[in-house]
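Architecture at a glance
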Amino acid sequence: MRAILETWLELEWIRAVDLQFALHLSGLAHAQKAQEPAQQEQLTLLLCLLSHQVGRGHVCIELDALCANPSLTLAIPPQDRRYSLQQRELLRRAQEQQSEEWSPAQLLAALGAEQISEILLHSGLASTGEEVTPLVLQQGRLYMRRYWLYERAIADAIQARLNLREGLEEPESMQSQQLKRTLARLFKPSDGADYQRAACALAARSRFSLITGGPGTGKTTTVIKLLALLQSMAAQDPATEGRKYQIELAAPTGKAAARLNESIRSAIDQLPFESFDGELKPADLPTKVRTLHRLLGSRRYSREFRHNLDNPLALDVLVIDEASMVDLSMLAAVVAALPDHAQLILIGDQDQLASVEAGSVLGELCARSRDGHYLPETLNWLAQVAEVQAPVHLEDKSGTPLDQSVAMLRHSYRFDASSGISKLAQAINTGVDLKQTLAECHQQKYSDIAFLHPERKTQTEANEALLKLLEQHACKGYAGYLRLAHSADLSEQERNRSAKEILEAYTHFQLLTPLRQGDFGVSELNLRVTRQLHQQGAIDSQQEWYHGRPIMVSANDYNVGLMNGDIGICLNIDARPLIAFMPADADGQIRWIPPSRLPAHETVFAMTVHKSQGSEFTHCSLVIPPQDSPVLTRELVYTAITRAKREFSLLCDKPALLPKIAQRRTERASGLGEAMFGVPLTEGEEFKPETAGSEKPTDRDGQLDLF
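Described in the following lines is the structure provided in the data block. (Residues numbered from 1 in each chain as written. Predicted model: local features only at pLDDT ≥ 70, side-chain atom pairs only at ≥ 80, totals over all residues. Heavy atoms only, no water.)

Some points on the pattern of salt bridges
Note the following rule: Salt bridge, as used here: a side-chain nitrogen of Lys or Arg that lies within 4 Å of a carboxyl oxygen of Asp or Glu. Segments assigned H or I by DSSP are reported as helices when at least four residues long, segments assigned E as strands when at least two residues long, and all are numbered from the N terminus. For every residue, the accessible area obtained with a 1.4 Å probe (protein chains only) is divided by the maximum for its type, and the residue is called buried under 20%, exposed over 50%, and partly exposed between those limits.
Scanning the entire structure with this criterion turns up 19 salt bridges. Salt-bridge contacts for R2 lead to E6; the nearest nitrogen and oxygen are separated by 3.1 Å. With R2 and E6 both in helix α1 (residues 2-10), this residue pair falls four residues apart, about one helical turn. Judged by its relative accessible area of 32%, E6 is partly exposed. The salt bridge involving E62 is made with R141; its shortest N-O contact spans 3.7 Å.

Have a look at this one:
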């Protein structure tokens, strides 16, 4: 088995850590309890596959799915893998010299879910959770114990916060009537259902709430009004004696935090403070957004944070924006650090890409939001207190407690009915009228959408033609900010103003790609665009730190104050290169960083779609590689389209791929959704969410830290 796994590693089907994880744990199991050779090999294989799946973003392995279709579940061998000559020769020799059974599908063919469970339990490495073992096998899912504990911690923390606040259960109560009056101050009367108003009302009822919505639906505006609502209610609450809440705003990345920083200030300025008779002031609302790492207090070379179960955060309300980017381990750290009384509010777009690390927390918690699933009493309360008449199709007499705390914003204020960006994003996301919308985009019926593709030739010629088209398109898109950079006044008196204008001009265009490697990967595209701009005289790329070079930080550095995802522009001032970054705080001061102090970074003429999350660009362009790939999913294309504020361009040699991509969803194995919503219920059965055992979600001795 080791030889097979080493071959997989050389072919880059698995990672080195997957192999070492499997060999280490299977060795421990054999040392503690002698294994039959066949079982030892099967155990090593299963351990390797578990680590592989976690590396792909899954929280666990669902054994039934693994046995039913190993190739699809594991993506081994990967469909889009491009092999080097050496790897192709290795693949040929492996197929000739090794036994026929060497792919996962062949190796697992004789095993069923029950047999796999027996192998794992017999090894002593796995238990059903009651015993402290590196692996947990529960309800047909195989977990590393750490991820099982994460799931339990999150589910328990949310469940504990779903009870309605005292006094807000009935619409006639004094607290509900106070809430009604405050909502009337914050929102103007609406002809149709005001989903922002409904979201604020629902979020005020419990200590956990989730607000989801697409671009331009007013998530930031809703959050600020919600916080104003909570502070006004606190001022009127005799129990708090007029003490306002301590509120913190956070985001998963520095880029997302900076963007929220900008938008909340204008949202606060629009609040009608004069109508609150002094019970609400601008100072009551937070204006500073921090990254989750900074909020929790990251420790160098450690996965632990300063704030945890034993040292909770000093706050009453925590708002996390761009929650689709928050992975399972990070949210587990957040809920561990929350005081018991604190309210947690998650904000994000459920249809965007899931987090880079394991888990798809927002997507799972919002899985039922499109259809509401509100209890009749919830809708009655909304009608009387929030004065919102929700559509009848959102009612569900079997709605769960979590459903009552999830609100979806359904109206876009950014795009009107004639917007191609809005229509294309919706068509990709839902599949409704997709072929018709794509045809209309090809026919240039929308002024904000452009489909660009080269003339079809042979596949090799078509690939090169698409790359040439991409180079020309990108050079045209970046010409504006580069012209500004070369003509800018960088004297001591004007350099901050000029740098801010250049950085803002850079956001007018961005080229996105789904891939990191290959001809259409971000590395190759950056080289191509750099070379083309140099040939046109727009940059002098013979110097490493040429004037106008855009770079993206790829690692957090709290000493310098730069976060993963921050974008800067190199400007040569008095023959000295300095990198200008947008202000991180409300002081509005440009940050100037010398190249020697930069953390890990890369040139960013092209950016992966994953890295674009949390950003918006005036004109956004996405390149779709000619070869189909499992990474091309509905969520990826939707995320790319919704980064565009005014224009979206699609560069694609095979537009017919889009309907196929739209049918491919990002699915991650996890048990969180089932823990929160429960299994399908029979009529009249009481909802009882799956509850974890009594073990605390922590590992104080650190013995299971790897697992």
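Points about unusual backbone geometry
Positive phi is not limited to glycine here, since E387 has a value of about 55°. Topologically, E387 is positioned in the loop between α17 (376-386) and β10 (406-409). Even without a glycine there, the phi angle at D574 is positive, about 55°. Tracing the sequence through the fold places D574 in the loop between β14 (567-573) and β15 (576-581).

Comments concerning the sheet that holds strand β16 (residues 591-593)
Test applied: Only strands joined by at least two bridges in the DSSP assignment are considered to pair. Only the stretch in contact is used when a helix axis is fitted, and all axes are lines through C-alpha atoms; the angle between N-to-C directions ranges over 0 to 180 degrees. Contact criterion: two residues are considered in contact whenever any of their non-hydrogen atoms come within 4.5 Å of each other.
Strand order across the open sheet formed by five strands is β16-β15-β14-β13-β17, with antiparallel pairing between neighbours. Here the strands that pair on one side only, and so sit at the sheet edges, are β16 and β17 (601-603). Strand-to-strand twist across the sheet, computed as the mean angle between neighbouring axes with direction ignored, equals 35°. In this structure, strand β13 (residues 550-553) lies alongside β14, joined through three bridges in antiparallel fashion. Residue I551 lies in a different strand from β14, and its bridge partner there is G568. Contacting β13, β14, β15 and β16, helix α21 (residues 495-506) runs over the sheet at an angle of about 135° to β14.

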